[in-house]
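Residue strings, one per chain:
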Amino acid sequence: MPRRFLFMVLLLITALFAPVPAAGASYHLCPLTCDENLVIRPEGEASAEDIRALQRELHLAGYYRGPISGVYDTVTAEAVRRFKSDLNLPADAVVETRTWEKLSAAIEPVATEEIPPPTGEVAIVIDVRNRTLTIMSDGRPYRQFPCAVGKNETPSPTGNWKIKRKAVNWGTGFGTRWMGLSVSWGIYGIHGTNKPGSIGSQASHGCFRMFNRDVETIYPWVKVGTPVYVIGNPLGPNPRPELVLNSREPAVLEMQRTLSRLGYYHGPIDGIFGPGMEKAVIQFRKDHGLRYDNRVLDDIYEALGL
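Residues numbered from 1 in each chain as written. Predicted model: local features only at pLDDT ≥ 70, side-chain atom pairs only at ≥ 80, totals over all residues. Heavy atoms only, no water.

**Student:** Can you help me understand the packing of aromatic side chains in this one?
**Tutor:** The relation between two aromatic rings is expressed through the spacing of the ring centres and the mutual angle of the planes. Using the criterion set out here, one finds 4 aromatic pairs in the structure. Arranged with centres 5.2 Å apart and planes meeting at 90°, the rings of Tyr63 and Phe83 form a pair that is edge-to-face. You can see Tyr63 sitting in the loop between helix H2 (48-60) and helix H3 (74-86) and its partner Phe83 sitting in helix H3, a full 20 residues away along the chain. On the basis of relative accessibility, which here comes to 1%, the residue Phe83 falls in the buried class. A centroid spacing of 5.8 Å and a plane angle of 75° characterise the contact between Tyr142 and Trp221, whose relative ring orientation is edge-to-face. Remark: Trp221 occurs in the loop between helix H5 (212-218) and strand S10 (227-231) and Tyr142 occurs in strand S3 (residues 140-146); sequence separation between them is 79 residues. When the ring centre of Tyr219 is taken as origin, the NZ or CZ atom of Lys166, which lies over that ring, is 4.1 Å away. A cation sits over an aromatic face here: Lys195 above Trp100, 4.4 Å from the ring centre. (Phe/Tyr/Trp six-rings, centres within 6.5 Å; stacked < 30°, edge-to-face > 60°. Helix = DSSP H or I, 4+ residues; strand = E, 2+ residues; numbered from the N terminus. Buried < 20%, exposed > 50% of the residue type's maximum accessible area, 1.4 Å probe, protein only. Lys NZ or Arg CZ within 6 Å of the ring centre and 35° of its normal.)

Given below as structure tokens:
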């Protein structure tokens, strides 16, 4: 049995039997198909976000000049028909896997130069706010690439990680290369995409998407164990998250670090709200005159100055 197939089966088993978060917990797991291979039809129920992505890609391919409205109107449908006809696909208004692949190929930037590998020790810095991935060589910026990051509801994991595994053509929707991160509470990685129109935006389930040609360029430079520094607000772009038992996200990681420095928390700094974290929260509340609760709410953030 091929090694890649065995790996995917093991990964699926891991995902299926992972601990189930409690109600209200934020457990972001980048699924086995990160770029959903959606089928969009004029009479279908695709979300406005998916239709906007389609309109952006049709625009980049030179077939659509209307507004990025998120409405599958007659102008969008006609653009799909013309695109498919020109690419020798059935000239209907249905956008399925083959159409997405052709759109991807049509708008993927063409490499104009061969980039030599860095000569120093490689590290990766990802800026979530600016949506850039920078290859460092001996601590100095060597090459910067655009990337897509997580949506507000599924943010990318800020913090210091390492490359845990690498794979070529890892699975549907991950493009041509996959580099998994050592995030303790979910499956996240740096990978290619079959939706290049999403690069530079908040579009993923938390992973970092790159143009296939870019991820193929850096893939041989990056070894298992390469450090990855993800810069961004660990509390996320939304109002400070409520953290409860079994929450798994960057905000838990930041709270663990803070409570550890203050001597309240003595467990692993892993981004998982477990019993040790619960005990620390209860004791911190007691010592600071806050009402009894086992959750991290606004009053704790205020008391900690976060």
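The rest of the description comes next.
**Student:** Any chance you could explain the sheet that holds strand S7 (residues 189-191) here in plain terms?
**Tutor:** As a general point, the strands of a sheet are linked pairwise by backbone hydrogen bonds and lie either parallel or antiparallel. In spatial order, the strands read S3-S2-S1-S10-S5-S6-S7-S9; together these 8 strands make up an open sheet with mixed pairing. Unpaired on one side and paired on the other, S3 and strand S9 (208-209) mark the two borders of the sheet. With 5 bridges connecting them, strand S5 (residues 159-168) and strand S6 (residues 177-181) associate as antiparallel partners. For Lys166, the partnering residue across the bridge sits in S6 and is Met179. (Pairing = 2+ DSSP bridges.)

**Student:** Honestly, the pattern of salt bridges in this entry has me stumped. Any pointers?
**Tutor:** Where charged atoms of side chains with opposite charge meet at close range, the side chains can pair. For the structure shown, the criterion picks out 12 salt bridges. Between Asp214 and Arg213 there is a salt bridge whose closest N-O contact spans 2.4 Å. Look at Asp214 and you get buried, because its relative accessible area is 4%. Overall, Arg213 belongs to the partly exposed group, its relative accessible area being 28%. One connected set of salt bridges, linked through shared partners, spans Glu242, Arg291, Asp293 and Arg295. (Salt bridge = Lys/Arg side-chain N within 4 Å of Asp/Glu carboxyl O.)

**Student:** When you look at unusual backbone geometry in this model, what are you seeing that I'm missing?
**Tutor:** In terms of backbone geometry, most residues other than glycine have negative phi values and most peptide bonds are trans. Positive phi, close to 55°, is recorded for Arg131, a residue that is not glycine. Structurally, the position occupied by Arg131 is in the loop between strand S1 (122-127) and strand S2 (132-137). Overall, Arg131 belongs to the partly exposed group, its relative accessible area being 24%. Of note, the phi angle at Asp138 is positive, near 50°, even though the residue is not glycine. Considering the arrangement of structural elements, one finds Asp138 in the loop between S2 and S3.

**Student:** Just checking my understanding: could you explain helix H6 (residues 250-261) for this structure?
**Tutor:** Here H6 contains 12 residues, and its C-alpha end-to-end distance of 17 Å stays within 8% of the 16 Å for a straight helix at 1.5 Å per residue. For H6, the tally of buried residues reaches 9 of 12 residues, placing the bulk of the element in the interior. Among all positions in H6, only Pro250, Ala251, Val252, Leu253, Glu254, Met255, Gln256, Thr258 and Leu259 are buried. Residues of H6 that are buried sit in contact with S5, helix H7 (275-287) and helix H8 (298-304). Note on H6: the residue one or two positions beyond its end, Gly263, has a positive phi of about 85°. (Expected span 1.5 Å × (residues − 1). Contact = heavy atoms within 4.5 Å.)

**Student:** I tried to follow the side chain of Asp50 on my own but got confused; where do I start?
**Tutor:** Locating Asp50 in the fold gives a position in helix H2. Comment: no salt bridge for buried Asp50; closest opposite-charge side chain is Lys151, at 5.9 Å. Other than its neighbours up to four places away in sequence, Asp50 contacts Leu38 and Ile40. (Lys, Arg positive; Asp, Glu negative; His and termini not counted.)

The values are spatial; any link to function lies outside them.
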